[in-house]
Amino acid sequence: MKEILSGNEAIARGAYEAGVKVACAYPGTPSTEILENTVRYKEIDSSWATNEKVALEVGIGASFVGARSLVTMKHVGVNVAADPLFTLSYTGVNGGLVLVCADDPELHSSQDEQDSRNYAKFVKIPMLEPSDSQECLDFTRLAYEISEKYDTPVMLRTTTRISHSKSVVTFGERIGAVKEPKLERNPAKFVMLPGNARGRHYVVEDRILQLSKDGVSLPINRVEMRGTKMGVITAGISYQHVREALPEASVLKLGMVHPLPFDLIREFASKVDKLYVVEELDPFIEEQVKAIGIPVIGKEIIPICGELTPGRVRKAFGLPENAPSTVEKLPGRPPNMCPGCPHRGVFYTLKQLNAYVSGDIGCYTLGFMPPLSAMDTCVCMGASIGMATGAAKVLSPEERKKVVAVIGDSTFLHTGINGLMDMVYNKGAATVIILDNRITAMTGRQENPGSGHTLMNDPTNEVNFELLCKAIGVKNVRTINPLDLDECRTAIAEEMERPETSVIITDKPCVLIKREGVFKPGAPLQVVDDACAGCRACLKIGCPAIEWIPSSGKKGKAHIDPLLCNGCDVCSQLCKFSAIKEAK
Amino acid sequence: MSDKVTNIVLVGVGGQGILLAAEILSETFMLAGFDVKKSEIHGMSQRGGSVVSHVRYGKEVFSPMVPEGDGDILFGFELMESYRHLSLLKPGGTVVVNDLCIAPPSVLIGQDEYPAGMALKIQEVCPDCLLVDGQNLAIQAGNARAANTVLLGAVSKRLDIEEKYWIEAIEKMVPKKALEVNLKAFQMGRGLK
Ligand SMILES: Cc1ncc(C[n+]2csc(CCOP(=O)(O)OP(=O)(O)O)c2C)c(N)n1
Ligand code: SF4
Ligand code: SF4
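Residues numbered from 1 in each chain as written. Chains lettered and ligands numbered in written order. Predicted model: local features only at pLDDT ≥ 70, side-chain atom pairs only at ≥ 80, totals over all residues. Heavy atoms only, no water.

Moving on, we get to the overall build of chain B. If you tally the helices and strands in chain B, you get eight helices and six strands. Along chain B, helices (α) and strands (β) appear in the sequence β-α-β-β-β-α-β-α-α-β-α-α-α-α when read from the amino end. If you line up chain B on its principal axes, its C-alpha atoms span 50 × 40 × 35 Å. Taking all 193 residues of chain B together, 60% fall into the buried category. Sequence-distant contacts, at least 24 apart, represent 64% of the contacts inside chain B between residues at least 6 apart. (Helix = DSSP H or I, 4+ residues; strand = E, 2+ residues; numbered from the N terminus. Buried < 20%, exposed > 50% of the residue type's maximum accessible area, 1.4 Å probe, protein only. Contact = heavy atoms within 4.5 Å.)

Any residue range with low pLDDT should be treated as having predicted coordinates unsuitable for detailed reading. Across chain A, the average pLDDT comes to 97, with 99% of residues at 70 or higher. Ranking the elements of chain A by mean pLDDT puts strand E1 (residues 2-6) of chain A last with 95 and strand E6 (residues 127-128) of chain A first with 99. (pLDDT = per-residue confidence, 0-100.)

The next point concerns the packing of aromatic side chains. Going through the model one piece at a time under the given rule, you end up with 10 aromatic pairs over all chains. Ring geometry for A:Phe412 against A:Phe465: centres 6.1 Å apart, planes inclined by 55°, an arrangement best described as tilted. Of this pair, A:Phe412 sits in helix H17 (residues 409-425) while A:Phe465 sits in helix H18 (residues 465-472), and the two are 53 residues apart along the sequence. The burial state of A:Phe412 is the same as that of A:Phe465; both residues are buried. Ring geometry for B:Phe29 and B:Trp166: centres 5.9 Å apart, planes at 80°, overall edge-to-face. Taken together, the positions of B:Phe29 in helix H1 (residues 18-31) and B:Trp166 in helix H7 (residues 163-173) put the pair 137 residues apart, joining distant regions of the chain. Side by side, B:Phe29 and B:Trp166 carry an identical accessibility label, which is buried. One aromatic cluster is present, formed by B:Phe29, B:Phe34, B:Tyr57, B:Trp166 and B:Phe186 through successive ring pairs. It is A:Lys253 that lies over the ring of A:Tyr239; its NZ or CZ is 5.3 Å from the centre. (Phe/Tyr/Trp six-rings, centres within 6.5 Å; stacked < 30°, edge-to-face > 60°. Lys NZ or Arg CZ within 6 Å of the ring centre and 35° of its normal.)

As a further point, take the site of ligand 3. Of all residues adjacent to ligand 3, which total 14 residues, the nearest are A:Cys543, A:Cys565, A:Cys568, A:Asp569 and A:Cys571. Broken down by class, the residue content of the shell around ligand 3 amounts to 10 nonpolar, three polar and one charged. (Near = heavy atom within 4 Å. Nonpolar A, V, L, I, M, F, W, Y, C, P; charged D, E, K, R; others polar.)

With respect to topology, eight strands assemble into an open sheet ordered E1(A)-E8(A)-E2(B)-E3(B)-E1(B)-E4(B)-E5(B)-E6(B), the strand pairing being mixed. The open sheet has two free edges, formed respectively by E1 of chain A together with strand E6 (129-132) of chain B, since each of these has just one partner strand. The average angle at which neighbouring strand axes cross in this sheet is 20°, direction not considered. Inspection of the sheet shows strand E1 (residues 6-13) of chain B paired to strand E4 (residues 71-76) of chain B by four bridges, in the parallel sense. Paired with B:Leu10 across the two strands is B:Phe75, which belongs to E4(B). (Pairing = 2+ DSSP bridges. Axes fitted to C-alpha atoms, helices over the stretch in contact; angles between N-to-C directions.)

Each side of the interface is counted separately: chain A has 57 residues, and chain B has 53 residues. Across the chain A to chain B interface the summed buried area is about 4,600 Å²; carbon plus sulfur atoms make up 58%. Where chain A touches chain B, the interface holds 16 residue pairs in polar contact (both at pLDDT 80 or more). Elements with a contribution of two residues or more to the side of chain A that touches chain B: E1, helix H7 (160-163), strand E8 (165-170), helix H10 (236-245), helix H13 (310-316) and strand E20 (546-549) of chain A. Sorting elements by how many residues they give to the side of chain A that touches chain B places H10(A) first, with five residues. Partitioned by chemical class, the residues of the side of chain A that touches chain B number 23 nonpolar, 18 polar and 16 charged. With three bridges joining them, E8(A) and strand E2 (residues 35-40) of chain B adopt antiparallel strand pairing. Residue pairing across strands places A:Ser165 opposite B:Ser39, the latter belonging to E2(B). (Buried area = accessible area lost by both parts, 1.4 Å probe. Polar contact = N/O pair within 3.5 Å; in protein donor to acceptor, adjacent residues only side chain to side chain.)

Once that is clear, we can look at the site of ligand 2. Around ligand 2, the structure places 12 residues, and the nearest of them are A:Cys338, A:Cys341, A:Cys363, A:Asn437 and A:Cys510. More than one chain lines the surroundings of ligand 2; the residues nearby belong to chains A and B. In terms of residue class, the shell around ligand 2 is made up of eight nonpolar, four polar and no charged.

On to the side chain of A:Thr501. Residue and element names in this part refer to chain A. Locating threonine 501 in the fold gives a position in the loop between helix H19 (485-497) and strand E18 (502-506). A polar contact is formed between the side chain of threonine 501 and the backbone oxygen of glycine 428, at a distance of 2.6 Å. Discounting residues that sit within four places of it in the chain, threonine 501 has contacts with Leu420, Met423, Val424, Gly428, Ala429, Ala430, Val474 and Asn476.

With that out of the way, let us pick up empty space enclosed by the protein. All names here are of chain A. Taken as a whole and assessed by the stated rule, the structure comprises five cavities of 30 Å³ or more. The space that makes up the largest cavity amounts to roughly 110 Å³. Along the wall of the largest cavity there are 16 residues; nearest its centre are Gly340, Cys543, Cys565, Cys568 and Cys571. (1 Å grid on protein atoms, 1.4 Å probe; cavity = no way out; pocket = protein on both sides within 12 Å on 5 of 7 lines; lining within 4 Å. Points joined across faces, edges and corners; volume = space filled by probe spheres on them.)

The subject of this paragraph is the side chain of A:His75. When you line up the elements, A:His75 lands in helix H4 (residues 75-91). Those residues in contact with A:His75, other than ones at most four positions away along the chain, are A:Cys101, A:Ala102, A:Asp103, A:Asp104, A:Ser110, A:Asp112, A:Gln114 and A:Ser116.

Moving on, we come to the pattern of salt bridges. Pairing is possible between side chains of opposite charge, provided their charged atoms come close. Residues and elements named next belong to chain B. The full count for this structure, using the stated rule, is 50 salt bridges over all chains. Between lysine 38 and glutamate 40 there is a salt bridge, with its nearest N and O atoms 2.6 Å apart. Here lysine 38 matches glutamate 40 in class, with each residue buried. (Salt bridge = Lys/Arg side-chain N within 4 Å of Asp/Glu carboxyl O.)

Residue and element names in this part refer to chain A. Interaxial distance between helix H15 (residues 383-394) and H17 falls to 7 Å at its minimum, and their mutual angle equals 25°. By the angle class used here, H15 and H17 are roughly parallel. Across the interface between the two elements, Ile385, Gly386, Ala388 and Thr389 of H15 pack against Phe412, Gly416, Gly419, Leu420, Asp422 and Met423 of H17. (Parallel < 35°, antiparallel > 145°, perpendicular 65-115°, else oblique.)

Residues and elements named next belong to chain A. Viewed as axis vectors pointing N to C, helix H3 (residues 52-64) and H4 meet at an angle of 25°, and their least axial separation amounts to 7 Å. When the axis of H3 is compared with that of H4, the two are roughly parallel. Seen from above, H3 lies across H4 with right-handed handedness. Counting all contacts with H3, which are made through Glu52, Lys53, Leu56, Glu57, Ile60 and Phe64, the residues of H4 involved are Gly77, Val80, Ala81, Pro84, Leu85, Leu88 and Thr91. Within the contact of H3 with H4, the residues separate by chemical class into eight nonpolar, two polar and three charged. (Left-handed = near helix turned anticlockwise from the far one by under 90°.)

With that out of the way, let us pick up the environment of A:Tyr26. Residue and element names in this part refer to chain A. Mapped onto the elements of the fold, tyrosine 26 is located in the loop between strand E2 (22-25) and helix H2 (33-38). Once the C-alpha coordinates of tyrosine 26 and serine 6 are considered, the two residues, 20 residues apart in sequence, prove to be 19 Å apart. A polar side-chain atom of tyrosine 26 sits 2.6 Å from a polar atom in the side chain of serine 410.

Structure (structure tokens):
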């Protein structure tokens, strides 16, 4: 069967065909859709973990008792999962284990542009890198064979342009004979005390040497000779750009980017006059090729920042570019919080109170954008609370009051909770706002331990944030309605004054939640033309349903698009002229 | 089959249905027996950001991204976004654009003005430009929400693909209850000169 699949859909299909029994992940663009697709196969137990470290541990547990398992995350997720990953390299596996890591060159939706190929080298495990959806499927299957044959976890690395691009894929069948998981004890291999681990280190080193040797005849490492003038070593999406921009070049296409098949590289290098490496981000292949004494041109001409495109490869090789037609400067079009988003009023209030907002990652990071402009820091998931503790430690008592950490429900459960325990334990004095919108919204609305449902759509326990914070030892915990600006202001102002830890929880859902009964839109509002004084107060919250019409009246008036408005009523609380009313 | 790869760039505003239109295009080309690749950036929940989708088809397609300045057709869902992305189009390329302005955040809050005369400016750079009143034609077809399908019909007319593949793709991708209106909208777009 043939279908057009995204890289992520094809990985899910590959996992299904490989007989995977357990798939676990924490969402993160561009990796999220892999688990949203494994869940369609009833043979696979698919679940959202609280964070990437837990996701990998779930995968390891299943592997150790014999099941093939899949764990997926975005590049920065590997930083969170790195601790178990390093030791997993030593233990090896029982059932095959594949860790998919989706990098995001160009930072389409991320806070950094790290090149996760470095992890494979650091952890000393093989890494495969597909360059289209068919390879996503095929390499996923192959990764399980390699994992079990060499007793190692395997990383499969994609980039945004692989995960989110679609191409034609031919399906296979799910393999027939999969091992039945059962309890097997093997402490020498699975209990990594120094005495056992010392021995395993030798195994790891031998394994990676063997893989490098065997990589020479691995079919996914392939030489395409087209002439001897120039040869290009490349992998992943860069291969496609090279084929597009340099159709005459001979290519060594690496399907396995770690360890490198050095003998194959030597042979290819000897056949061409001039050798290049075309790779996105770090000079990962280039440095290793240089280290074995082969001269090669790479980052001298290929950009190290941002993603490659056919045009950027053309430019690097001095080929004529199509002159882009010049267009005048236009207003940008960044994303914006939805009409009626429960985060909006909180950021409006924080701005009014001149808070120093220790921010975090989620839809609410858009609170940084004008006109809300109420976020001062954003580093990584969960960082807001620890950073607030640190800032509060050193500021004067007056300035300390301004410090407010703001964190979403999913991010709080991911790694924020550790920061809160630390704040209480070390008597940190800052205010923490947990924006509980009942979902992991930013990445496309995934369920989480606070939302009451699993990825497989089973009803389940809901974390009670208030009780949880109290159990940690927070004395001042209150829940507020974030759509009521007076309530927001009173609560936040009071807690900011307090010389100890306090937590404020907001309790209104994301407007895009589809599950029935969770989000109920209010009646749309309208601006009564005669009453609107053109004061622009309602524009300060940046709701996309409100438009300033400069030509209306003497100095302009606001207008609400009834099709966009979700009736949250926040704008009407800002209008001193009672001009915003329920639409008739 | 010639070796030529045909490049289509779809641009507009998040939430306008660009991703579905790109899916229908890709499906059509696959049904017609071509290799197809499609690439776009998505994954954010909130709507309203600028969206670009690349669709390429031919005997064999390598990069999923339309090389800068190689676009054959710019399929625009909104005027300013179409103007913004004209540099993806090859000299002498075709524009099919919806006659629609959506204000970006800075315009909504009265900080910027929506740039005037976008349609004319597009035509200055690219004379082969069809301006489509998607909204009104869709209302005539029976539902304002079928505007994208009107545009799709207009684009289909500019590509050498048999009509039956378009119909088959639309039948596969559009929900049953909206099918009749969409097929009508498609034909209205196809009829545009
Ligand atoms: C380590 C890591 N994993 C995943 C992500 C991707 N990511 C960014 S924000 C977010 C979830 C945000 O959910 P929540 O905190 O509930 O805020 P909301 O978007 O719902 O407002 C995720 C999964 C990331 N940036 N870093
Ligand atoms: S998706 Fe939900 S949380 Fe995100 S901006 Fe929209 S309403 Fe707010
Ligand atoms: S009530 Fe006001 S703020 Fe809320 S969605 Fe409608 S226009 Fe936007």
